[in-house]
Amino acid sequence: QVQLVESGGGLVQAGGSLRLSCAASGRTFIDYVMGWFRQAPGKEREFVSAIWLNYGGTYYADSVKGRFTISRDSAKTTVFLQMNSLKPEDTALYYCAARYYRDSDFNLWGQGTQVTVSP
């Protein structure tokens, strides 16, 4: 069974840091792009960051550039999102997602992990 399992969310004060993890299992993901999305209450889900598991190329939303860093482990089965200088507006449910590199849409999703940043 293909699964994406997120962990690492929590409550942090503004200016603090959190590290999210996404463990992928159930198949080989070497030719996949894995990403992070977030959805705040009353807002649409938005892209945060993505990484090509094979060669490691990364992408970021403008709102998180310079503050968030996406990476993968050497086995290329776990993706991390290091979030620094967190702001209250970063508060959201963060989802891990994956897509085959040739696909245009992310079609594998985790259950989400809550990140709450207090003022």
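Counting starts from 1 at the beginning of each chain's written sequence and moves along it residue by residue. Under the rules for a predicted model, residues below a pLDDT of 70 receive no local features and side-chain atom pairs below 80 are neither given nor counted, while totals for whole chains, interfaces and linings still include all residues. Calculation of side-chain values draws on the structure's entire complement of heavy atoms; hydrogens and water are dropped beforehand.

A. Highlighting the state of the cysteines. The criterion for a disulfide is a pair of cysteine sulfur atoms lying within 2.5 Å. Under the definition given, this model contains one disulfide. The residue that forms a disulfide with C22 is C96, at a sulfur-sulfur distance of 2.0 Å. Its S-S torsion of about -75° marks the bond between C22 and C96 as left-handed, since a negative value means left-handed. Here C96 lies in strand β9 (residues 92–100) and C22 lies in strand β3 (residues 18–25), a separation of 74 residues in the sequence. Burial classes: relative accessible area under 20% of the type maximum marks a residue as buried, over 50% as exposed, and values in between as partly exposed (1.4 Å probe, protein chains only). Residue C22 is classed as buried on the basis of its relative accessible area, which comes to 0%. Runs of H or I in DSSP of at least four residues are treated as helices and runs of E of at least two as strands, each being numbered from the N terminus.

B. Layout of the nonpolar core. For the purposes of this section, nonpolar cores are sets of buried Ala, Val, Leu, Ile, Met, Phe, Trp, Tyr and Cys residues that join through side-chain atoms within 4.5 Å. With 28 residues, the main nonpolar core has L4, M34, W36, F68, L81, M83 and Y94 as its most contacted residues. Contributing elements (two or more residues each) for this core: β3, β4 (32–39), β5 (46–52), β7 (68–72), β8 (78–83), β9 and β11 (113–118). Every residue in contact with L4, bar those within four places of it in the chain, is listed here: C22, A23, A24, F29, M34, C96, A97, A98, L108, W109, G110 and Q111. Of all hydrophobic cores here, the second largest spans six residues; its members include V33, F37, W52 and F106. Residue contacts follow a heavy-atom distance rule, with two residues in contact if any of their heavy atoms lie within 4.5 Å.

C. Layout of the pattern of salt bridges. One side-chain nitrogen of Lys or Arg within 4 Å of one carboxyl oxygen of Asp or Glu is enough to make a salt bridge. This model, assessed by the stated rule, comprises four salt bridges. Salt-bridge contacts for D90 lead to R38; the nearest nitrogen and oxygen are separated by 2.9 Å. Of this pair, D90 sits in the loop between β8 and β9 while R38 sits in strand β4, and the two are 52 residues apart along the sequence. R38 matches D90 in its accessibility class, with the two residues each being buried. A salt bridge links R67 to D90, with the nearest nitrogen and oxygen atoms 2.7 Å apart. Of this pair, R67 sits in the loop between β6 (58–60) and β7 while D90 sits in the loop between β8 and β9, and the two are 23 residues apart along the sequence. Residue classification places D90 among the buried residues on the basis of a relative accessible area of 1%. Through salt bridges with shared partners, a single ionic network connects R38, E46, R67 and D90.

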